[in-house]
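What follows is the residue order along each chain.
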Amino acid sequence: MEATYIRRKNDGRINIRSGNKVDQVVRWTLILLTILTIVAFIFFNYAGLDLGSAITETANNLKVMFLEPALSHFNWGEATYQVGVTLGLAFLATIIGAIIAFFLSLMAATNLSNVWVSRIVRVFVAIIRAVPTVLWVLIFAIAAGLGSEAAILGMLFHSIAYLVKAFSEAFEEVDKGIFEALQATGANWWHIVKSGVLPSTFTYLLSWVFLRFEINFGVAVAMGAAAGAGGIGFDLFMASSFYFDLREVGFITYAILIIAFILEGFSTRLKSRYFPATSD
Amino acid sequence: MSLLKVEGLGKSYTSDIKILKNINFEIKAGEFVSIIGPSGAGKSTMLRCMNRMVEFNEGKIIFNNNDVGSLNKKELRKLRTSIGMVFQHYNLVPRLTVIENVLHGRFGYKTTMQGILGRYTEEEKERAFYLLEKLGIHEHAYKRCDQLSGGQQQRVGICRALIQEPKLVLCDEPIASLDPSSSKIIMDHLKSISTEMGITCLVNLHQVEVAQNYSDRIIGLNKGEIVFSGTSSELSEEQINKIYGTETKDLIMA
Ligand SMILES: Nc1ncnc2c1ncn2[C@@H]1O[C@H](COP(=O)(O)OP(=O)(O)OP(=O)(O)O)[C@@H](O)[C@H]1O
Ligand SMILES: [Mg+2]
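Our subject in this report is the structure included herewith.

Criteria and cut-off values
Residues numbered from 1 in each chain as written. Chains lettered and ligands numbered in written order. Predicted model: local features only at pLDDT ≥ 70, side-chain atom pairs only at ≥ 80, totals over all residues. Heavy atoms only, no water. Helix = DSSP H or I, 4+ residues; strand = E, 2+ residues; numbered from the N terminus. Rg over C-alpha atoms; globule rule 2.2 N^0.38 Å. Buried < 20%, exposed > 50% of the residue type's maximum accessible area, 1.4 Å probe, protein only. Contact = heavy atoms within 4.5 Å. Areas by Shrake-Rupley, 256 points an atom, 1.4 Å probe, with all protein chains shown as cover. Lys, Arg positive; Asp, Glu negative; His and termini not counted. Charge placed at Lys NZ, Arg CZ, Asp CG, Glu CD. Pairing = 2+ DSSP bridges. Near = heavy atom within 4 Å. Polar contact = N/O pair within 3.5 Å; in protein donor to acceptor, adjacent residues only side chain to side chain. Nonpolar A, V, L, I, M, F, W, Y, C, P; charged D, E, K, R; others polar. Patch = residues over 30% accessible without salt bridge, like charges linked within 9 Å, V, L, I, M, F, W, Y side chains within 5 Å. Salt bridge = Lys/Arg side-chain N within 4 Å of Asp/Glu carboxyl O. 1 Å grid on protein atoms, 1.4 Å probe; cavity = no way out; pocket = protein on both sides within 12 Å on 5 of 7 lines; lining within 4 Å. Points joined across faces, edges and corners; volume = space filled by probe spheres on them. Phe/Tyr/Trp six-rings, centres within 6.5 Å; stacked < 30°, edge-to-face > 60°. Lys NZ or Arg CZ within 6 Å of the ring centre and 35° of its normal. Buried area = accessible area lost by both parts, 1.4 Å probe. Core = buried A, V, L, I, M, F, W, Y, C linked by side-chain atoms within 4.5 Å.

**Side note on the overall build of chain B**
Broken down by element type, chain B carries nine helices and ten strands. Here the C-alpha radius of gyration of chain B, 18 Å, is about what a compact globule of 254 residues would show, namely 18 Å. The buried share of chain B, taken over its 254 residues, is 54%. In chain B, of all internal contacts separated by at least 6 residues, the share reaching a separation of at least 24 is 70%. By element, 48% of the accessible surface of chain B is carried by carbon and sulfur atoms, the whole surface being about 11,500 Å². The average position of the 32 basic charges and that of the 30 acidic charges among the side chains of chain B differ by 6 Å.

See the structure below:
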């Protein structure tokens, strides 16, 4: 008599999936997305589209942009300064966001906080996260006017929400035994945070902050264009929509690309130098 | 005069099952007492009631003339400073150094600010090194704890408990994750803590022979009740059967 706890497929092979709801949901989501994509393409308005010339002209534009980059409306010094402004925006939003997020995530982590406080912070943060950064910037622009203040506030808001989720999940991974041992010595909550939680999670927190900085740099470029926050993004916006200067667009894109590479290299080096343990 | 007195202790996590039932015992200062019993008997739970890491529902625990059950949060912190704890999985902070982990044992004496700034006095640091030397791991003082072997980590755990200047050390299966030779080192250290320093040890053990070799007294626990309490020599085969609910020949003897 076959044991009933072994599940088999119709053809008699043993099933190793639990066959639970999650699998089902994932499968149906994938099917639905495929259908939606196909339907969307069918309903596009293709009138006036000459695919052949569209492709060659796009290729031509890209060639001008990326093979003949040049500055015409401002000079190197100005460009560097504007990149600095954008970096500054991203930096401010990330650092202030990280500090606030740290304290909020202590309240959100279920192993450090009371059930209700944790739930409230989580819901709150989830709502903030559900609204895209750009929208937050525009919302703050109502009060602060379009400009760097609104941009920083909006980016800050979203960064906090994003980092609270990441941080609190890192905190929840901390070994329960550490809490038990420190509590048993008579340590209070702050002692446990400082000596148990922080050392165990610091490298994760740092990686998340860097990741968010990279995101914020990208957002800051976009905000320069969309919300008049200044910086290289604004120049990009002017070059592309105002002067139609493809060569300048190409130059600015390269500048942004280089900064992104530098950031990446910097964060990798910082981590491998100060936290060799994370590379294992 | 007893250091620890437990009267009618009862504990249940859920309303339907009582994990501990009417536990009574007394321990004198400097005694080495082992608790043995099958898995799930409630050994860990009982040990954690002593410093209220687990809240008990019934009975009374008197430690050093304090009614443990009635203490408020602040008094409980103070009580915990005088009760050290050693764990099966050591429970050190792996990314910190040995010496930092040992000094964590001083938190009970610190204000929030002192703790956050990591302010330890020179005496505390001297004491930490003294203890590390006593347990033979002073060379590793500046290594990260995750670079140490299990036996070495457990010795760090013991140092952390001892720097609290405890009157009682609770050990929850301190040698269950160690090989026989490291186990012997750890048990010898625990024994010398009670004989040389006069610190009471209450140790959960899985190995009956180890308990017999080291303890002044053995408490046998089965399904939340004390079924044996006496010296090693009084622990007959029949008693062991009663504690584990099996024939001795069916047990793997360590
Ligand atoms: N936090 C908890 N919530 C609910 N039940 C628990 C909890 N902790 C322990 N128990 C239950 O209490 C009983 C006793 O557990 P305990 O850990 O004290 O046993 P033990 O004697 O230490 O066992 P072992 O030798 O395996 O460590 C077990 O049945 C366990 O399922
Ligand atoms: Mg146990």
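**Points about the overall build of chain A**
A tally of regular secondary structure across chain A gives ten helices and zero strands. The order of helices and strands in chain A, counted from the N terminus, is α-α-α-α-α-α-α-α-α-α. Taking 280 residues into account, the globule formula puts the C-alpha radius of gyration at 19 Å, and chain A, at 25 Å, lies well above it. Here the C-alpha coordinates of chain A stretch approximately 75 × 60 × 40 Å along the principal axes. Expressed as a percentage of its 280 residues, the buried residues of chain A come to 37%. Within chain A, contacts between residues separated by at least 24 positions form 71% of all contacts whose residues are at least 6 apart in sequence.

**Notes on the sheet that holds strand β4 (residues 58-63) of chain B**
Residues and elements named next belong to chain B. The four strands are arranged β2-β1-β4-β5 in an open sheet whose pairing can be described as antiparallel. Of all the strands in the sheet, just β2 (20-28) and β5 (66-67) have a single pairing partner and so form its edges. By the bridge criterion, six bridges tie strand β1 (residues 2-11) to β2 in an arrangement that is antiparallel. Note that in β2 the partner of L9 across the bridge is I23.

**Focus on the site of ligand 1**
All names here are of chain B. Taken together, the neighbourhood of ligand 1 is formed by Y13, I19, P38, S39, G40, A41, G42, K43, S44, T45, E173 and H206. In the environment of ligand 1, an oxygen atom lies 2.6 Å from a nitrogen or oxygen atom belonging to the side chain of T45. A total of 640 Å² of accessible area belongs to ligand 1 in isolation, and the protein chains cover 57% of it. Here the residues of the shell around ligand 1 are counted per class, giving four nonpolar, six polar and two charged.

**Overview of a nonpolar patch on the surface**
All names here are of chain A. Taken together, F91, L92, I95, I96, I99, I100, F103, W189 and W190 make up a surface patch of nonpolar side chains, about 790 Å² in accessible area. Elements that contribute at least two residues to the nonpolar patch include exactly α3 (76-108) and α8 (189-226). Sort the elements by how many residues they give to the nonpolar patch and α3 lands first, with seven residues. Tracing the sequence through the fold places W189 in helix α8. Using a relative accessible area of 33% as the deciding quantity, one classes W189 as partly exposed.

**Describing the layout of surface pockets**
Each pocket or cavity is described by its volume, and for the largest pocket that value is around 440 Å³. For the largest pocket, the lining is made up of 16 residues, of which Q183, A187 and W189 of chain A together with K73 and R80 of chain B are closest to its centre. Mapped onto the lining of the largest pocket, the elements with two or more residues apiece are α7 (176-184) and α8 of chain A together with α2 (73-81) of chain B. Take the lining of the largest pocket: its biggest share by element is five residues, from α2 of chain B. By volume, the second largest pocket amounts to about 300 Å³. If you go around the second largest pocket, the residues you meet are N111, V174, K176, G177, F179, E180 and Q183 of chain A together with S44, R48, M53, V54 and D172 of chain B. Among the elements of the structure, α7 of chain A together with α1 (43-50) of chain B are those that each provide at least two residues to the lining of the second largest pocket.

**Comments concerning the packing of aromatic side chains**
Within the structure shown, the criterion is met by 15 aromatic pairs over all chains. With a centroid separation of 6.4 Å and an interplanar angle of 35 degrees, the aromatic rings of F234 of chain A and F237 of chain A are classed as tilted. Linking F234 of chain A with F237 of chain A, this pair stays in helix α9 (residues 232-242), spanning three residues, or about one helical turn. These aromatic residues form a ring-pair network of at least three members: F102, F103 and F171 of chain A. The ring centre of Y162 of chain A lies 4.8 Å from the NZ or CZ of R212 of chain A, which sits over that ring. The residue whose ring lies beneath K11 of chain B is Y13 of chain B, and the NZ or CZ to ring-centre distance is 4.7 Å.

**What about the interface of chain A and chain B?**
On the side of chain B, 28 residues touch chain A, which itself brings 23 residues to the contact. Where chain A abuts chain B, roughly 2,100 Å² becomes buried across the two surfaces, and 60% of that area is made up of carbon and sulfur atoms. A salt bridge links R48 of chain B to E180 of chain A, with the nearest nitrogen and oxygen atoms 2.3 Å apart. The interface formed by chain A and chain B contains seven residue pairs in polar contact (both at pLDDT 80 or more). Secondary structure elements with two or more residues in the side of chain A that touches chain B: α7 and α8 of chain A. Broken down by element, the side of chain A that touches chain B gets its largest block of residues, nine residues, from α8 of chain A.

**Describing empty space enclosed by the protein**
Which parts of space are left empty comes out when a probe the size of a water molecule is rolled across the atoms. By the definition in use, this model includes one cavity of 30 Å³ or more. There is about 30 Å³ of room inside the largest cavity. Where the lining of the largest cavity is concerned, the elements lending two or more residues are α7 of chain A together with α6 (150-162) of chain B. A class-by-class count of the residues in the lining of the largest cavity yields four nonpolar, two polar and one charged.

**Some details on the nonpolar core**
Nonpolar side chains tend to gather and get buried jointly when the protein is soluble and globular. Core analysis: the biggest nonpolar cluster contains 81 residues, and F171 of chain A together with I36 of chain B have the highest contact counts within it. The biggest single contributor to this core is helix α6 (residues 148-172) of chain A, with nine residues. Grouped together as the second largest cluster of nonpolar side chains are 34 residues, A181 of chain A together with V6, L47 and M53 of chain B included.

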